[in-house]
Amino acid sequence: MGVRMLLSLCCALLLSGQLPAGAAEYPSKVVTVVVPFSAGGPSDTIARLLAQTMSGSLKTQLIVENVAGAGGTIGAARVATSPPDGYTLFVHHIGHATAPALYRKLTYHPITDFEPIGLINDGAMTLIARKDFPAKSLKELIAHVKANKDKVNLANAGVGSASHLAGLLFMAEIGTDLTTIPYKGTGPAMNDLLGGQVDFMIDQTTNTTSHIKAGKVQVYSVTTPQRLPSLPEVPTMDEAGLPNYRMTVWHALYAPKGTPKPIIDKLTAALQAALKDANLKQRYAELGAEAVAQERATPEALRGHLKAEIEKWGPIIKNAGVYAD
Ligand code: MLT
């Protein structure tokens, strides 16, 4: 094939969108992974381990940038308007699905403004309290907060965060409204819990396991139907006395809408390779977070899951009458 013919073939492919500019040599520089919560929290931990592992197979550095606030919607809005060139990625959790029902002035839509890449993990939550909180069991905690509802406070990572949703579910189950204290992530909320400034929180095991093991917080229950291998002594909500309470948190990887398919394909392959990595799997498991099976780490699986979660949570949130501006 002559040079002229080759050039015109490349031009034709570029114009037809099959070989978008930059896609063939992608990635050729540092990739930023936006996490919409503060450093040190569960989403940050999940994303940092993933970014580190994907850096290996993509042969470029993936760095995490924390764009925290408003339950993850500030970071999501930033990514929605970032260039769709594969150099800005996004790790968010279940809160990406609940944002449209919770936020009345959302500037983006989780489906139409993002390219799904794949699910990352499913994770449990734990109900924990400051070390000197008077209750010694879940039943005692429920009795105590009901009797002291104007004094007790419940921390969360902002409207739409997993800890906020978990708290809503808890208050609905025990039939008592409590004062809630929103933070920009459960990383800073945990600091205040450790310091005794807030009373209790329902947070992902990725954030709580090390503090539970070190005896720095009191733990009452896990939110999964089964006990966790990483915290075998901690009862389920069912065992501890709140049988209808179930909550797990999933994280997923996205790119801005319009990111070329060849780039999404490379990122999907790198995500799948990372989730097979023995070190990553072990680190996630130690934190009570399970890396998803390969068939869930795909754009199709994430697209379907996101849609189903939006449909599931929308009515629950509307019925609870909770929203933010
Ligand atoms: C965080 O990283 O702070 C959490 O994922 C926040 C949450 O949703 O509870």
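Residues numbered from 1 in each chain as written. Predicted model: local features only at pLDDT ≥ 70, side-chain atom pairs only at ≥ 80, totals over all residues. Heavy atoms only, no water.

## Examining helix H10 (residues 261-276)
Given 3.6 residues per turn, any residue in an α-helix points the same way as the ones three and four places further on. Under the 1.5 Å per step criterion, the end-to-end length of H10 is 23 Å for 16 residues, consistent within 8% with the ideal 22 Å. Turning to H10, its buried residues number three or more, namely Ile263, Ile264, Leu267, Thr268, Ala270, Leu271, Gln272, Ala274 and Leu275. (Helix = DSSP H or I, 4+ residues; strand = E, 2+ residues; numbered from the N terminus. Expected span 1.5 Å × (residues − 1). Buried < 20%, exposed > 50% of the residue type's maximum accessible area, 1.4 Å probe, protein only.)

## Some remarks on the nonpolar core
The biggest cluster of nonpolar side chains holds 87 residues, and the ones touching the most others in it are Leu138, Leu141, Phe170, Phe200, Leu275 and Tyr284. The two domains that each donate at least three residues to this core are domain 1 (24-123 + 249-320) and domain 2 (125-240). Apart from residues no more than four positions distant in its own chain, Phe170 is found in contact with Leu127, Leu138, Leu141, Ile142, Phe200, Ile202, Leu242 and Tyr245. Ile128, Leu193, Ile212 and Leu228 belong to the second largest nonpolar core, which has 15 residues in total. (Core = buried A, V, L, I, M, F, W, Y, C linked by side-chain atoms within 4.5 Å. Domains from an automatic or database assignment. Contact = heavy atoms within 4.5 Å.)

## Let's talk about the side chain of Thr32
Of note, Thr32 is situated in strand S1 (residues 31-35). Not counting residues within four places of it along the chain, the set of residues in contact with Thr32 comprises Ile63, Glu65, Tyr87, Thr88 and Leu89.

## Quick look at the packing of aromatic side chains
Taken as a whole, this structure holds seven aromatic pairs when the rule is applied. Summarising the aromatic geometry, the rings of Phe90 and Tyr254 are spaced 6.1 Å apart at their centres and angled 45° between planes, so their arrangement reads as tilted. Of this pair, Phe90 sits in strand S3 (residues 88-93) while Tyr254 sits in strand S10 (residues 249-256), and the two are 164 residues apart along the sequence. Accessibility classification places Phe90 together with Tyr254 in one group, the buried group. Ring geometry for Phe170 against Phe200: centres 5.8 Å apart, planes inclined by 70°, an arrangement best described as edge-to-face. Of this pair, Phe170 sits in helix H6 (residues 162-174) while Phe200 sits in strand S8 (residues 200-204), and the two are 30 residues apart along the sequence. (Phe/Tyr/Trp six-rings, centres within 6.5 Å; stacked < 30°, edge-to-face > 60°.)

## Focus on the side chain of Ser163
If you trace the backbone, Ser163 turns up in helix H6. Within the structure, Ser163 has its side chain in polar contact with the backbone nitrogen of Ala157 (distance 3.0 Å). At a separation of 3.2 Å, a polar atom in the side chain of Ser163 contacts the side chain of Ser161. With residues up to four places along the chain from it excluded, the contact list for Ser163 reads Met125, Asn156, Ala157, Thr186 and Ile202. (Polar contact = N/O pair within 3.5 Å; in protein donor to acceptor, adjacent residues only side chain to side chain.)

## A word on the domain arrangement of the chain
The assigned domain composition of the chain is domain 1 (24-123 + 249-320) and domain 2 (125-240). Each of domain 1 and domain 2 has a C-alpha centre, and these two points are 25 Å apart. In this assembly, 28 residues from domain 1 lie in contact with 21 residues from domain 2. For the pairing of domain 1 and domain 2, the buried interface totals around 1,800 Å² over both sides, and the portion due to carbon and sulfur atoms is 66%. A per-residue breakdown of the area domain 1 buries against domain 2 is headed by Pro42, Leu102 and Leu287, which together make up 26% of the total. The interface formed by domain 1 and domain 2 includes zero salt bridges. (Buried area = accessible area lost by both parts, 1.4 Å probe. Salt bridge = Lys/Arg side-chain N within 4 Å of Asp/Glu carboxyl O.)

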